Amino acid sequence: MSEPRPTEPAPSTGRIPHGPFRPGDQVQLTDPKGRINTITLQPGKLYHSHKGSVPHDDIIGSSEGTVYRSSGGVEYLAFRPLLADFAVRMPRGAAVVYPKDAAQIVAMADIFPGARVIEAGAGSGALSCFLLRAVGEHGLVSSYERRPDFADIARANVEKFFGGPHPSWRLTVGSLEDALTETEADRVVLDMLAPWETLDAVAKALIPGGMVCAYIATTTQMSRVVEDLRAHGAFAEPYAFETLLRSWHVDGLAVRPDHRMVGHTGFLVTARRLADGVTPPARRRRPAKGAHPVPETPAATPETPASTPETPAES
């Protein structure tokens with residue numbers, strides 16, 4: 001079961017994402033071709049590649065953005081990995097929420113410092129890391145994951161990125177509908193197969209004005225969650241969208257879109273929680289023709305003719 005929200009200021013996490021490199025830090029070494037290798041610094045160890053080795057001791061104590069030459073003469077540029085880098089390369093159980101969608105969740109669901117956020121499910125922990133970054137050490141992210149093996153992977157990834165257990169994270173193994181105990185939540189983020197099944201539990205947990213944000217993969221899921229949010233009665237009109245990301249090649253006069261882009265990864269649906277007892281206003285928007293087909297009237301049959309003409313009177 002979930003633990004109560006801490007009332008005392010929480011201790012800081014173990015990972016310090018700035019300053020000189022320290023033992024235990026993760027470091028990305030990028031070669032001249034842009035290939036990235038991530039290592040964890042340990043005194044006395046060596047980074048080995050087919051282009052030679054780089055001693056960890058040479059990196060420890062130096063600043064980010066430093067270049068190191070391997071024993072084979074190859075130069076490597078060293079930085080700490082950004083959360084976006086870590087998320088796409090983390091060990092996976094379930095598929096991860098990609099940075100472009102995690103950024104939209106943080107922005108469009110208005111995740112703020114100190115917020116009380118419920119997440120279902122935790123998956124591989126990528127979105128949990130973004131949410132924890134957003135709420136800070138005085139907020140709370142309460143994550144629910146049905147599968148124990150996914151929960152173990154999520155816990156390991158979150159602790160690896162933050163350098164230990166995050167003081168604002170609570171991870172519960174179980175379904176949201178059965179295990180949810182939180183109330184007075186500011187936001188609920190649903191990354192699951194059938195988010196519409198949780199709407200009753202979500203409505204009970206959210207404060208008036210709170211927001212639910214569902215991350216789904218297909219148009220049929222998106223349609224179902226939007227229509228069920230409308231029909232539920234506790235939410236304002238939902239908003240559905242997706243984000244496409246295209247990078248550009250810039251080299252002198254050669255300026256063009258890259259040949260590959262991060263296209264569809266998922267849809268997002270957001271909706272605000274209404275005050276208790278409030279009926280949402282009737283929608284005034286005229287629906288598209290055929291959006292809500294009207295059942296056809298049964299056709300007439302010989303046994304039940306549509307009309308019986310009168311027989312003329314004989315003269």
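Before reading further, recall that the structure is shown in the block above.
Residues numbered from 1 in each chain as written. Predicted model: local features only at pLDDT ≥ 70, side-chain atom pairs only at ≥ 80, totals over all residues. Heavy atoms only, no water.

Topic: the sheet that holds strand β6 (residues 75–79)
Under the convention used in this document: At least two bridges found by DSSP between two strands is the condition for calling them paired. Helix and strand labels come from DSSP, where a helix needs a run of H or I of at least four residues and a strand needs a run of E of at least two; each type is numbered from the N terminus. Axis lines are fitted through C-alpha atoms, for helices just across the contact stretch, and the angle between N-to-C directions can take any value from 0 to 180 degrees.
Across the sheet, which stays open at both edges, the four strands sit in the order β2-β1-β6-β5 with antiparallel pairing between neighbours. Strands with a single pairing partner mark the edges of an open sheet, and in this sheet they are β2 (36–40) and β5 (66–69). Here the average twist between neighbouring strands, direction ignored, is 35°. Bridge count between strand β1 (residues 26–30) and β2: five bridges; the pairing is antiparallel. Opposite Thr30, over in β2, you have Ile36 as the bridge partner.

Quick notes on the environment of Thr181
Filter applied, for reference: Accessible area is worked out with a 1.4 Å probe on protein chains only. A residue is then buried under 20% of its type maximum, exposed over 50%, and partly exposed in between.
You can see Thr181 is positioned in the loop between α6 (176–179) and β10 (185–190). Take Thr181: its relative accessible area is 43%, and that puts it in the partly exposed class. Remark: the alpha-carbon pair of Thr181 and Lys204, spanning 23 residues in sequence, is separated by 9.8 Å.

Examining unusual backbone geometry
Of note, the bond from Ala120 into Gly121 is cis; its omega dihedral lies within 30 degrees of zero at -10°. Secondary-structure assignment places Gly121 in the loop between β7 (116–120) and α4 (126–135). Phi is positive for Asp110, close to 55°, though the residue is something other than glycine. Residues other than glycine seldom take positive phi values, yet Glu184 does so here, at roughly 60°. Among the secondary structure elements, Glu184 is positioned in the loop between α6 and β10. You can call Glu184 partly exposed: its relative accessible area is 49%.

Quick look at the pattern of salt bridges
Filter applied, for reference: Salt-bridge detection follows one rule: a side-chain nitrogen of Lys or Arg within 4 Å of a carboxyl oxygen of Asp or Glu.
Tallied over the full model, the rule gives 14 salt bridges. Ionic pairing is found between Arg69 and Glu75, a salt bridge with its closest N-O pair at 2.9 Å. The class of Arg69 is exposed, set by a relative accessible area of 55%. Assessed through its relative accessible area of 38%, Glu75 is described here as partly exposed. Residue Asp276 pairs with Arg273 through a salt bridge whose shortest N-O separation is 2.9 Å. Residue classification places Asp276 among the exposed positions, given a relative accessible area of 64%. According to the relative accessible area criterion, Arg273 is buried, its value standing at 11%. Salt bridges sharing partners connect three or more residues here, namely Asp25, Glu64 and Arg80.

Nothing here speaks to function; it is all geometry.
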